[in-house]
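The residues making up each chain are set out below.
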Amino acid sequence: MSHQTVIVLDFGGQYNQLIARRVRECQVYCEVKPYTTPLEELRAMEPIGIIFTGGPNSVYEESSPKVDPAIFTWGVPILGICYGCQLMAHTLGGCVTAAQEDTAREYGRTPTFYDGGCPLFKGLPGQGISWMSHGDYMAKVPQGFSLVAHSQACPNVAIADVERGFYGVQFHPEVNHTEHGVDMIRNFLYEVCHAVGDWTMEDYKNTAIRQIREKVGDGKVLLALSGGVDSSVAAALLAEAVGSQLTCVFVDHGLMRKDEGDEVEAAFSKWDIHFVRVDAESRFLVRLAGVQEPEVKRHIIGEEFIRVFEEEAKKIGQVDYLVQGTIYPDVIESGAGDAAVIKSHHNVGGLPDYVDFKEIIEPLRLLFKDEVRQLGRELGLPEYLVMRQPFPGPGLAIRVMGDLTKEKLDTLREADFIFRDEIAKAGEDKNLSQYFAVLTNTRSVLALRAVNTTDFMTADWSRIPYDVLDKISTRIVNEVKGVNRIVYDITSKPPATIEWE
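Engineer: Whenever I open this one, the side chain of aspartate 252 confuses me. Can you help?
Structural biologist: Counting through the fold element by element, aspartate 252 comes out in strand E13 (residues 246–252). Given a relative accessible area of 13%, aspartate 252 falls into the buried group. With sequence-adjacent residues up to four places away left out, aspartate 252 is seen in contact with Gly261, Arg277, Val278, Asp279, Ala280 and Glu281.

Set out below in C-alpha cells:
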C-alpha cells in the first residue's frame with residue numbers, strides 16, 4: 001500500500017525528529033530529508049505537504065542553508081517553522097534581519113494571539129503560550145501573505161498565504177511547551193494538505209510482512225537477538241513473515257538482569273523459529289576477571305559477543321540475509337549533509353566477515369522508538385518486553401563498579417529486582433524513564449538511580465516518594481546478603497551521565 005507522505009526538510013534544527021514524530025502521531029507518514037536533497041528526488045516522493053524545520057543559521061547570511069525556489073511552484077502546501085518560516089519569507093521576496101533590542105527577539109514561553117480564521121488555528125483558542133527561539137525578525141513579509149498571529153513584542157509571529165497553502169510560524173509547535181501545538185500541525189495536515197490519515201501500525205505490519213516474504217523467498221535469515229526492544233520486535237516481525245527460515249541467536253552472557261534470559265526465550269516460544277540460546281556466562285566472566293576499567297569491559301564484551309555469534313552462525317551454514325534492528329533515529333542521528341550529527345551509528349560494524357549474505361534487512365528502519373513499541377504490541381509481544389527500559393549493551397558489567405565476579409553480579413541482580421518490583425507495586429514505573437541499581441566499589445554500599453527524560457541526551461533525577469524509597473531500602477538490606485547501606489543518586493545529566501560508568 002502506498003501512503004500519503006509529508007516531507008520534513010531538515011535545515012539543522014534540533015527538533016527535526018520531534019516534528020516527524022508529531023506528524024506520525026497524526027497518522028500521516030513522513031520522512032526527514034536533508035535540505036540538500038535534489039528536488040527531483042523530493043518530487044518523486046509525491047508529497048502532500050512539506051515542512052521546513054528550524055535551524056541555527058540566519059537566512060540573510062551567504063553561507064546559510066537555502067532551498068531551490070522551484071519548490072514553491074509545485075502547488076504543494078508548505079509549513080515553515082522558525083528558520084523555515086524566515087527562509088520562506090526571505091526566498092519569496094520578504095526581508096529578514098537581525099532583531100534589535102526593541103523588536104521581536106524572543107526566547108522561551110511567550111503569550112501569543114492567533115487568528116481563528118486561519119486554517120492553521122482552526123478550532124483553537126485565540127490566545128495561548130508558544131515556545132519561541134529566534135533572534136531574527138521578518139521586517140517585511142512577502143506579497144500575498146497576511147499576519148495571522150502576534151505577540152506583545154512581535155507583530156508577525158505567524159504568516160499565511162492561504163491561496164497557495166504556504167504557512168510560517170516563528171515558534172515551535174512541535175514542542176510540548178507550545179499549547180495546542182500538535183493541533184496546529186494536525187490542522188496543517190488535514191485542513192491544508194487534506195490528509196486522510198492512512199498511516200497505521202497494523203498496515204505497516206502487514207505491508208512489512210509481505211515485503212519481507214517477497215524479498216527472502218525460501219532463503220535463510222539470521223538475527224542476533226539481544227533481548228532489547230528493537231531486536232525483539234525485529235525478530236517477531238521476521239518470525240511472522242518467514243517462520244522456520246529465521247534463526248535467532250540469543251547470546252546469554254550472564255550480564256542480564258534477573259530472569260531476563262528466560263523471559264526472552266519464553267517470549268519467542270510461540271513462533272515457529274529456530275531459537276538458539278547460548279549459555280556463555282562462564283566464558284565472559286573468565287575474559288572479564290580482574291578488569292576494572294569500564295571502557296576495557298565494553299571492548300571485551302563486544303569482542304566476545306562477536307566470537308560467540310561467529311561460532312553459532314557457522315553451525316547454521318549458508319545464510320542469505322542478516323537482520324538488524326536499526327530504527328529511524330539511528331538513521332537521522334547519523335546526519336546527512338549539513339544536518340546536525342547527534343551521534344554516529346555503525347550498526348554493521350563488527351559483523352563477522354564470513355557471513356555470506358545477499359543483503360541486510362532492516363525492517364524497523366523507518367520507525368521511531370514509540371512506533372517500534374506499537375509494532376511489538378501488534379505482533380503480540382508481551383508488555384514487559386515491549387516496554388523494556390533502555391539497557392546498556394555491556395549489561396550489568398558497567399553497573400558493578402570495579403572488577404566483576406559472579407557473586408557481585410548475583411547480588412546486584414537481586415537488589416535491582418527488588419528496586420524494580422517495588423517501583424512497579426507503587427505505580428511509579430509509569431512515571432520514570434529509567435531506573436536501576438548500581439553495586440559500588442565501596443564495601444556493602446548499593447546506589448539507586450532513577451531519571452526522567454524525553455531524549456536521554458539530558459535527564460533530571462526522579463523524585464521518588466520517600467515512603468517508596470524506604471520500602472526499597474528496607475527490603476534490599478534485609479533480603480540481599482552483603483548490602484547494608486543504600487544511597488540515592490540525585491544528580492541530573494549534565495553534569496552526570498545516566499549510567500555510572
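Engineer: Would you mind going over the layout of surface pockets with me for this structure?
Structural biologist: In this approach a probe as big as a water molecule rolls over the atoms, and the regions it shows empty are the leftover space. Counted as a void, the second largest pocket has a volume near 500 Å³. Listed by contribution, the elements that provide at least two residues to the lining of the second largest pocket are strand E2 (29–34), helix H5 (201–216) and strand E16 (359–361). In terms of residues, the lining of the second largest pocket owes the most to one element, H5, which gives six residues. Considering only residue class, the lining of the second largest pocket consists of 11 nonpolar, five polar and six charged.

Engineer: What am I meant to see in the environment of isoleucine 398 here?
Structural biologist: Of note, isoleucine 398 is situated in the loop between helix H12 (383–386) and helix H13 (406–425). It is 8.1 Å that separates the C-alpha atoms of isoleucine 398 and arginine 298, two residues lying 100 residues apart in sequence. Excluding its chain neighbours within four sequence positions, the residues that come into contact with isoleucine 398 are Pro294, Arg298, Pro392 and Glu501.

Engineer: Help me understand the pattern of salt bridges, please; the structure alone is not making it clear to me.
Structural biologist: What the rule picks out here adds up to 38 salt bridges. For arginine 24, the salt bridge goes to glutamate 371, with nearest N and O atoms at 2.6 Å. Of this pair, arginine 24 sits in helix H1 (residues 16–25) while glutamate 371 is found in helix H11 (residues 369–378), placing the two residues 347 residues apart along the sequence. Notably, a salt bridge pairs glutamate 422 with arginine 475, separated by 2.9 Å at the nearest N-O pair. Here arginine 475 lies in helix H14 (residues 466–479) and glutamate 422 lies in helix H13, a separation of 53 residues in the sequence. Each of the salt bridges in this network shares a partner with another, and the network as a whole consists of Arg283, Arg287, Glu303, Glu304 and Glu311.

Engineer: Looking at this structure, how should I read the packing of helix H6 (residues 229–242) against H11?
Structural biologist: Any two packed helices are characterised by how steeply their axes cross, that is the angle between the axes, and by the distance between the axes. Where H6 meets H11, the closest approach of the two axes is 9 Å, and the angle between their N-to-C directions is 40°. Compared by their axis directions, H6 and H11 come out oblique. Pair H6 / H11 crosses with left-handed handedness. In this structure, H6 contributes Val229, Asp230, Val233 and Leu237 to the contact, and H11 contributes Lys369, Val372, Arg373, Leu375 and Gly376. Split by residue class, the contact of H6 with H11 holds five nonpolar, one polar and three charged.

Engineer: Even after reading the chapter, I still don't get the sheet that holds strand E12 (residues 221–225), so can you show me in this structure?
Structural biologist: Whether parallel or antiparallel, the strands of a sheet pair through hydrogen bonds between backbone atoms. Taken together, five strands build an open sheet; the order of strands is E14-E13-E12-E15-E16 and the sheet is parallel. What marks the edges here is a single partner per strand, and that holds for strand E14 (274–279) and E16. When strand polarity is set aside, the average angle formed by the axes of neighbouring strands in this sheet is 25°. Of the strand pairs in this sheet, E12 and strand E15 (residues 321–323) are connected by three bridges, and their pairing is parallel. Of the residues in E15, the one forming a bridge with valine 221 is tyrosine 321.

Engineer: How should unusual backbone geometry be read in this particular structure?
Structural biologist: Note: most peptide bonds trans; most residues except glycine with negative phi. With omega at -10°, the peptide bond leading from lysine 493 into proline 494 counts as cis. By secondary structure assignment, the location of proline 494 is in the segment after strand E20 (485–488). Following proline 494, the chain continues into proline 495 via a peptide bond in cis, with omega recorded as 15°. Note that proline 495 resides in the segment after E20. The phi dihedral of aspartate 259 is positive, around 70°, even though this residue is not glycine. Residue placement: aspartate 259 occurs in the loop between E13 and helix H7 (260–267).

Scoring rules and cut-offs
- Residues numbered from 1 in each chain as written.
- Predicted model: local features only at pLDDT ≥ 70, side-chain atom pairs only at ≥ 80, totals over all residues.
- Heavy atoms only, no water.
- Helix = DSSP H or I, 4+ residues; strand = E, 2+ residues; numbered from the N terminus.
- Buried < 20%, exposed > 50% of the residue type's maximum accessible area, 1.4 Å probe, protein only.
- Contact = heavy atoms within 4.5 Å.
- 1 Å grid on protein atoms, 1.4 Å probe; cavity = no way out; pocket = protein on both sides within 12 Å on 5 of 7 lines; lining within 4 Å.
- Points joined across faces, edges and corners; volume = space filled by probe spheres on them.
- Nonpolar A, V, L, I, M, F, W, Y, C, P; charged D, E, K, R; others polar.
- Salt bridge = Lys/Arg side-chain N within 4 Å of Asp/Glu carboxyl O.
- Axes fitted to C-alpha atoms, helices over the stretch in contact; angles between N-to-C directions.
- Parallel < 35°, antiparallel > 145°, perpendicular 65-115°, else oblique.
- Left-handed = near helix turned anticlockwise from the far one by under 90°.
- Pairing = 2+ DSSP bridges.

Purely geometric numbers; function is a separate question.
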